Amino acid sequence: MAASEEERREYLAAIVAGEVAGVLGMDPANLDTGQPLPALGFDSLMAVELMVALETAVGLNMTRMSLLRSDLTTAALIEEVAAVVRSLRSRLILVMFRW
């Protein structure tokens, strides 16, 4: 049975939050996803680490600058990654039906 949209989102949220927490050196359970990343000590080196981690974990290539926005929260990052994944999934389904 395929996972529901909500289950896929929760799984993706856990991955992204886990990667953010790992880069910050904290337990994901203690990560405040509504707090801006810079307020948590996130810096440019961590942005590079997170960029690589997200590419490895979900195949998403984000720019370092997109991760250094002063207003970026983990919750917002989860939504951005989820939107890209949904878009890619929709495109893949279209391609599959064209075969």
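Each value, and the rule that gives it
- Residues numbered from 1 in each chain as written.
- Predicted model: local features only at pLDDT ≥ 70, side-chain atom pairs only at ≥ 80, totals over all residues.
- Heavy atoms only, no water.
- Patch = residues over 30% accessible without salt bridge, like charges linked within 9 Å, V, L, I, M, F, W, Y side chains within 5 Å.
- Areas by Shrake-Rupley, 256 points an atom, 1.4 Å probe, with all protein chains shown as cover.
- Salt bridge = Lys/Arg side-chain N within 4 Å of Asp/Glu carboxyl O.
- Helix = DSSP H or I, 4+ residues; strand = E, 2+ residues; numbered from the N terminus.
- pLDDT = per-residue confidence, 0-100.
- Axes fitted to C-alpha atoms, helices over the stretch in contact; angles between N-to-C directions.
- Parallel < 35°, antiparallel > 145°, perpendicular 65-115°, else oblique.
- Left-handed = near helix turned anticlockwise from the far one by under 90°.
- Contact = heavy atoms within 4.5 Å.
- Nonpolar A, V, L, I, M, F, W, Y, C, P; charged D, E, K, R; others polar.
- Buried < 20%, exposed > 50% of the residue type's maximum accessible area, 1.4 Å probe, protein only.
- Core = buried A, V, L, I, M, F, W, Y, C linked by side-chain atoms within 4.5 Å.
- Expected span 1.5 Å × (residues − 1).

Now for a nonpolar patch on the surface. Judged by side-chain polarity, Leu45, Val48 and Val52 come together as a nonpolar surface patch covering roughly 240 Å² of accessible area. Following the sequence through the fold, Val48 ends up in helix H2 (residues 44–58).

Confidence in the prediction for the protein chain averages 89 pLDDT; 88% of positions are at 70 or higher. When pLDDT is averaged over each helix and strand of the protein chain, the minimum, 77, is found for helix H4 (residues 74–98) and the maximum, 95, for H2.

On to the packing of helix H1 (residues 5–24) against H2. Each pair of packed helices can be described by the angle between their axes along with the distance between the axes. Two elements in contact, H1 and H2, have axes whose closest approach is 9 Å; the angle formed by their N-to-C orientations is 150°. Taken together, the axes of H1 and H2 lie roughly antiparallel to each other. Here the hand of the crossing between H1 and H2 comes out right-handed. Across the interface between the two elements, Leu12, Ile15, Val16, Glu19, Val20, Val23 and Leu24 of H1 pack against Met46, Glu49, Leu50, Ala53, Leu54, Ala57 and Val58 of H2. Across the contact of H1 with H2, the residue classes break down as twelve nonpolar, no polar and two charged.

Before going further, it helps to examine the pattern of salt bridges. When their charged atoms lie close together, side chains carrying opposite charge are able to pair. Inspection of every chain in the model, using the stated rule, returns four salt bridges. One salt bridge connects Asp71 with Arg69, and the closest N-O pair in it is separated by 3.5 Å. Judged by its relative accessible area of 31%, Arg69 falls in the partly exposed class. Glu80 is the salt-bridge partner of Arg69, the closest N and O atoms lying 2.7 Å from each other. On the criterion of sequence distance, the pair formed by Arg69 in the loop between helix H3 (64–67) and H4 and Glu80 in helix H4 is long-range, its members being eleven residues apart. Several salt bridges converge on common partners, so that one network encompasses Arg69, Asp71 and Glu80.

As a further point, take the side chain of Thr73. Relative to the elements of secondary structure, Thr73 occurs in the loop between H3 and H4. Each residue touching Thr73, except ones within four places of it in the same chain, is listed here: Thr33, Gly34, Gln35, Pro36 and Leu37.

It is worth spelling out the nonpolar core at this point. In this structure, Val16, Val20, Phe42, Leu50, Leu67 and Leu77 are the most contacted members of the largest nonpolar core, which totals 24 residues. Listing elements by their share of this core, those giving two or more residues are H1, H2 and H4. Counting residues per element, this core draws most heavily on H1, at eight residues. Once you skip the residues sitting within four places of it in the chain, Leu67 turns out to touch Phe42, Ala47, Leu50, Met51, Met62, Leu72 and Leu77.

Before going further, it helps to examine H1. A rise of 1.5 Å per residue sets the reference length of H1, with its 20 residues, at 28 Å; its end C-alpha atoms lie 28 Å apart and thus fit the reference within 8%. Residues of H1 that are buried include every one of Leu12, Ala13, Ile15, Val16, Ala17, Val20, Ala21, Val23 and Leu24, and no others. Positive phi appears at Gly25, one or two residues downstream of H1, with a value of about 75°.

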